[in-house]
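Chains, contacts and geometry: an overview
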Amino acid sequence: MRIHRLLAFLSVAALAPLSRGGAQTCQGTAQFREGKARLDVDYQRSDDLEYYRAGVAYGVQGSFFGGVSVDETQLRHGGASITGFGGSLGYQFHWVDTPFQVCPLVSVNYTSGNGANITSVGFGGSLGYRIEVQPGFDLVPAAGIRWMSNSTSSSGSSSSVGSISSSELFMDFGMVFHRVWSVVPGVLFPSPASAKTRWTFGLAYNWGT
């Protein structure tokens, strides 16, 4: 059961960059009006794990956006790697007449490894603001919260052996270059309190009209 709880925690970690992959100003990246398609990669690190993800997203300015991704998690103190894949769907709009952009988002992720399979369903939202520093360079700070429900089953069996709910706060410090390149360092604070803070780093490129 201890392994199952650990895997549930890891599946929560996997949802963080999955949401970033489908977002825009509300989560620190270039706007979809600069390119409706996006290719992105992400890295997370804490005292317990290292996480890698690659994804592709598509969105329409001021409307729906979505993405799919594949990921791998490696425990830093030994243990087998854990692979996963998932998808997300969200909507973007500006908060009343303010310059802040808000993005509610739902996501689902499936991970498998160490004898267990985990399905994670998440819901949350984020808020961001674009600051034009000079032509060709914008700062895009953003922050948000997510709630997750993680269901675990043993490999080779469809029966559930446990479930856990959790939440996480995150902050991204996006930098957008030439309107289409995004560099997004950040930090994520998961619950419960015993979970380790994770440092995150993402790269993304937008293209298409």
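Residues numbered from 1 in each chain as written. Predicted model: local features only at pLDDT ≥ 70, side-chain atom pairs only at ≥ 80, totals over all residues. Heavy atoms only, no water.

Our focus in this paragraph is the overall build of the chain. Looking only at helices and strands, the chain has one helix and twelve strands in total. Helices and strands appear in the chain in the N-to-C order α-β-β-β-β-β-β-β-β-β-β-β-β. Per-residue burial over the chain gives 48% buried out of 209 residues. Long-range contacts, defined as pairs at least 24 residues apart, comprise 54% of the intrachain contacts of the chain with a sequence gap of at least 6. Total accessible area on the chain is roughly 9700 Å²; 64% of this is exposed by carbon and sulfur atoms. (Helix = DSSP H or I, 4+ residues; strand = E, 2+ residues; numbered from the N terminus. Buried < 20%, exposed > 50% of the residue type's maximum accessible area, 1.4 Å probe, protein only. Contact = heavy atoms within 4.5 Å. Areas by Shrake-Rupley, 256 points an atom, 1.4 Å probe, with all protein chains shown as cover.)

Here we take up the pairing of strand E8 (residues 131-134). Sheet analysis places E8 next to strand E9 (residues 137-154), joined by three bridges and oriented antiparallel. Pairing of Gln-134 across the sheet is with Phe-137, part of E9. In this antiparallel pair of consecutive strands, E8 and E9, the connection spans two residues, and Gly-136 shows a positive phi of 90°. (Pairing = 2+ DSSP bridges.)

Taken as a whole, the chain shows an average pLDDT of 83; of its residues, 84% reach a score of 70 or greater. Note that pLDDT drops below 50 for residues 1-23; the model gives that stretch 85 contacts with residues more than four away or on any other chain. (pLDDT = per-residue confidence, 0-100.)

Counting residues in hydrophobic clusters, the biggest one holds five residues: Cys-26, Phe-32, Phe-65, Cys-103 and Leu-105. Leaving out residues up to four positions away in the same chain, Cys-103 has contacts with Cys-26, Phe-65, Tyr-91, Gln-92, Gly-124, Gly-125 and Ser-126. (Core = buried A, V, L, I, M, F, W, Y, C linked by side-chain atoms within 4.5 Å.)

Okay, unusual backbone geometry next. Its identity as a non-glycine residue notwithstanding, His-178 has a phi of 55°, on the positive side. Residue classification places His-178 among the exposed positions, given a relative accessible area of 60%. Positive phi, close to 70°, is recorded for Arg-179, a residue that is not glycine. Of note, Arg-179 is situated in the loop between strand E10 (160-177) and strand E11 (181-190).

Below, the discussion takes up the pairing of strand E4 (residues 82-91). As judged from the ten bridges shared by strand E3 (residues 64-75) and E4, these two strands associate in the antiparallel manner. Directly across from Gly-66, in E4, lies its bridge partner Leu-89. Here E4 runs beside strand E6 (residues 101-113); their pairing, made up of eight bridges, is antiparallel. In the sheet register, Gly-86 faces E6, and the bridge partner there is Asn-109.

This next bit is on the pattern of salt bridges. Counted according to the given criterion, the structure contains eight salt bridges. One salt bridge in this structure joins Glu-34 and Arg-33, with 3.6 Å as the shortest N-O distance. Counted as one network, the salt bridges with shared partners bring together Arg-33, Glu-34 and Arg-179. (Salt bridge = Lys/Arg side-chain N within 4 Å of Asp/Glu carboxyl O.)

For the structure shown, the criterion picks out nine aromatic pairs. Ring centres of Phe-100 and Tyr-129 lie 5.3 Å apart, and the angle between their planes is 40°; this geometry places the pair in the tilted category. Of this pair, Phe-100 sits in the loop between strand E5 (93-94) and E6 while Tyr-129 is found in the loop between strand E7 (116-128) and E8, placing the two residues 29 residues apart along the sequence. Seen from their ring centres, Phe-137 and Phe-177 are 5.1 Å apart, and the 20° between their planes marks the pair as stacked. Of this pair, Phe-137 sits in strand E9 while Phe-177 is found in strand E10, placing the two residues 40 residues apart along the sequence. Using a relative accessible area of 19% as the deciding quantity, one classes Phe-137 as buried. Note on Phe-177: relative accessible area 31%, which makes it partly exposed. The ring of Phe-32 is capped by Arg-38, whose NZ or CZ atom sits 4.6 Å from the centre of that ring. (Phe/Tyr/Trp six-rings, centres within 6.5 Å; stacked < 30°, edge-to-face > 60°. Lys NZ or Arg CZ within 6 Å of the ring centre and 35° of its normal.)

If you trace the backbone, Ser-120 turns up in strand E7. Relative accessible area serves as the criterion here: at 0%, Ser-120 is assigned to the buried category. Side chain to side chain, Ser-120 and Asn-150 meet in a polar contact 2.6 Å long. (Polar contact = N/O pair within 3.5 Å; in protein donor to acceptor, adjacent residues only side chain to side chain.)

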